[in-house]
Amino acid sequence: MRRGTGIRTALLVAVLVAPPIRSACAQSIQSGVSDSATGRPVAGGIVQLIGPHDSVYATATTSERGTFALPVVPPGPYRIKVLRIGSRAWTSPVLSIGARQQALRQLTVASEPVMLAEIVVTTSAVCRSNLGSDSDVATLWEEARKALKLAEGTMADRRFDYRMTVVTRHSDPTRQMTTEQRLGRLGTGAWPILSAPAENLAAHGYVQPADSVRGPRYYGPDANVFFSDAFMRTHCFRAVAPPKKQPGLIGVGFEPQLSHTLPDIKGVMWLDRQTAELQRIEFEYTGLWRWVPPRITGGELKFVRLDSGAWIITGWRMTAPIAAVEPLRLGTQPDESVFPYFGNKRVKLGGFLEEEGQVEEVRAQDSAVVWRVPTGLK
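Below, the structure is looked at part by part. None of the values given here were measured: they were computed from a predicted structure.

Structural notes on empty space enclosed by the protein
Thinking step 1. Within this structure, the stated rule accounts for two cavities of 30 Å³ or more.
Thinking step 2. Looking at the largest cavity, its volume works out to about 80 Å³.
Thinking step 3. Along the walls of the largest cavity sit 13 residues, with Thr61, Thr62, Thr154, Arg159 and Ala310 positioned nearest its centre.
Thinking step 4. For the lining of the largest cavity, the leading source of residues is helix α1 (residues 135-157), giving four residues.
Thinking step 5. Grouping the constituent residues of the lining of the largest cavity by class yields two nonpolar, eight polar and three charged.

Observations concerning the packing of aromatic side chains
Thinking step 1. This structure, assessed with the given rule, holds twelve aromatic pairs.
Thinking step 2. Consider the rings of Trp141 and Phe231, whose centres lie 6.1 Å apart with planes at 0°: the pair is stacked. Of this pair, Trp141 sits in helix α1 while Phe231 sits in helix α4 (residues 229-234); the two residues are 90 residues apart in sequence, bridging distant segments of the chain. Neither Trp141 nor Phe231 differs from the other in exposure class; each is buried.
Thinking step 3. Put simply, the rings of Trp141, Phe226, Phe231, Phe237 and Phe254 pair up and form one aromatic cluster.
Thinking step 4. Here Lys149 stacks its cationic end above the ring of Phe227, 5.5 Å away from the centre of that ring.
Thinking step 5. Over the aromatic face of Phe352 sits the side chain of Arg175, whose NZ or CZ is 4.9 Å from the ring centroid.

Remarks on the state of the cysteines
Thinking step 1. Per the stated rule, a full pass over the model turns up one disulfide.
Thinking step 2. Disulfide partner of Cys127: Cys236, at an S-S distance of 2.0 Å. Across the S-S bond of Cys127 and Cys236 the torsion is about 100°, and the bridge reads as right-handed. With Cys127 in the loop between β8 (107-109) and α1 and Cys236 in strand β13 (residues 235-240), this pair connects stretches of sequence that are 109 residues apart. Accessibility classification places Cys127 together with Cys236 in one group, the buried group.

The rules behind these values
Residues numbered from 1 in each chain as written. Predicted model: local features only at pLDDT ≥ 70, side-chain atom pairs only at ≥ 80, totals over all residues. Heavy atoms only, no water. 1 Å grid on protein atoms, 1.4 Å probe; cavity = no way out; pocket = protein on both sides within 12 Å on 5 of 7 lines; lining within 4 Å. Points joined across faces, edges and corners; volume = space filled by probe spheres on them. Helix = DSSP H or I, 4+ residues; strand = E, 2+ residues; numbered from the N terminus. Nonpolar A, V, L, I, M, F, W, Y, C, P; charged D, E, K, R; others polar. Phe/Tyr/Trp six-rings, centres within 6.5 Å; stacked < 30°, edge-to-face > 60°. Buried < 20%, exposed > 50% of the residue type's maximum accessible area, 1.4 Å probe, protein only. Lys NZ or Arg CZ within 6 Å of the ring centre and 35° of its normal. Disulfide = S-S within 2.5 Å.

This is the structure we're talking about:
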């Protein structure tokens, strides 16, 4: 956090010095997943171990070879659910897992495609708080969350090395840029936008008055927020028609429910109609103070699926206003651009801070390049 700003400017850079996590081999239940139609390994799938009452006891992702490892669990009856981008969920029959069992038979899963291309979006689409009341919106939301879960796992493993450029810009209240700093970075990756526990955000808002010097702090959503009951409880969802220049996309929009009046976020998760792959997330802040201009603050995250099935973030952007906090002097004439802040202070718009990151190259642990930014985006 830079002094006087309401945005966490370190973002992805904050974790660049962290060493990669290399977990030691531990006892686990191992198996593999293949497609029943093609016989090929299912790479980048989400494997869940389901116990009584549909509780998820463990989760793993499949490797490029379709293999996975789950932690050893108490003996008993379990089912295994496999989630794949662009396919309906597959669930196994009940399996009996013993106390010393370390291997399961190979799982052969049927592929039932999710047909996003058939979803028709109308301009009068209702924002629904209950996803179960609209199967199309529920399908879009589930596909987006699969990709987010895989991206979260990729970053948690820190199995890739990223080379990126981070640009930080300051501008005045009229949006005229005053300074720009461009830095090259190397790191193992992390969620690039500062977030907080979902229940905290639901209770106190996505913009919180951190202290009387730095001004408000702006939080963004991460994968855990989108998975949380708190987010589902305070937001509604709708299908969104594609942008005119990108007819191959379809969106699932989210926004705070009318009863939730705290500073919040609304936005769209954009998916590819043919592959159901998540392309990007856009969001903006709502319910802000009057000194903050509308429709300017917010952020964006861009995603790519690797050939191995892993998901990575390839770019991000975050914009927030700079809070100019100063003492409230006696005899000061009223000013429509200035508002009380923390009792004996006042706050007004001091400008804007934007941070933009572009991943240029991603390498595996053996130094092989697994992704490189397309030439046209450099």
